[in-house]
Amino acid sequence: MLLGDLAHIRRWIADEERREAERIQGEQARPPAPDWVVERGIGQGGPPLEVHRRGCHAAGGETSAGGTAG
């Protein structure tokens, strides 16, 4: 019984290490945040209302990503 428990714990640790490695890989593969976003009006395909810089606290609601400067 003790060896079965030990094997179970080792599998659990290996699974957790695999999940953590996948999480880190996902973070590293994530594209950079856009430099700006367009805030859109209410409804599907709503008209553009405002443009916000990255990190702007006023950006909210319906937004679509912009490009990068350069």
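Here's what I pulled together on the structure shown here.

1. So, the overall build of the protein
So, point 1. Counting secondary structure elements, the protein contains one helix and three strands.
So, point 2. From first element to last, N terminus to C terminus, the protein shows the α and β order α-β-β-β.
So, point 3. When the 70 residues of the protein are sorted by exposure, 10% land in the buried category.
So, point 4. Sequence separation of at least 24 residues holds for 35% of the intrachain contacts in the protein that already meet a minimum separation of 6.
So, point 5. With an accessible surface of roughly 6,100 Å², the protein has 57% of that area assigned to carbon and sulfur atoms.

2. Topic: the pattern of salt bridges
So, point 1. In total, this model carries four salt bridges according to the counting rule given.
So, point 2. Between Arg23 and Glu20 there is a salt bridge; the shortest N-O distance is 2.5 Å. Placement of both Arg23 and Glu20 in helix α1 (residues 2-29) is noted, with a separation of three residues, approximately one turn of the helix.
So, point 3. The class for Glu20 is partly exposed, based on a relative accessible area of 35%.
So, point 4. The partner of Arg23 in a salt bridge is Glu27, with the nearest N and O atoms 2.5 Å apart. One end of the pair, Arg23, and the other, Glu27, are both in helix α1, four residues apart, so they sit about a helical turn from each other.

3. Overview of the side chain of His52
So, point 1. Here His52 is to be found in strand β2 (residues 48-53).
So, point 2. A polar side-chain atom of His52 sits 3.2 Å from a polar atom in the side chain of Glu50.

4. Brief notes about a nonpolar patch on the surface
So, point 1. On the surface, Ile9, Trp12 and Ile13 cluster together into a nonpolar patch covering about 300 Å² of accessible area.
So, point 2. Looking at the secondary structure, you find Trp12 in helix α1.

Basis of the calculations
- Residues numbered from 1 in each chain as written.
- Predicted model: local features only at pLDDT ≥ 70, side-chain atom pairs only at ≥ 80, totals over all residues.
- Heavy atoms only, no water.
- Helix = DSSP H or I, 4+ residues; strand = E, 2+ residues; numbered from the N terminus.
- Buried < 20%, exposed > 50% of the residue type's maximum accessible area, 1.4 Å probe, protein only.
- Contact = heavy atoms within 4.5 Å.
- Areas by Shrake-Rupley, 256 points an atom, 1.4 Å probe, with all protein chains shown as cover.
- Salt bridge = Lys/Arg side-chain N within 4 Å of Asp/Glu carboxyl O.
- Polar contact = N/O pair within 3.5 Å; in protein donor to acceptor, adjacent residues only side chain to side chain.
- Patch = residues over 30% accessible without salt bridge, like charges linked within 9 Å, V, L, I, M, F, W, Y side chains within 5 Å.

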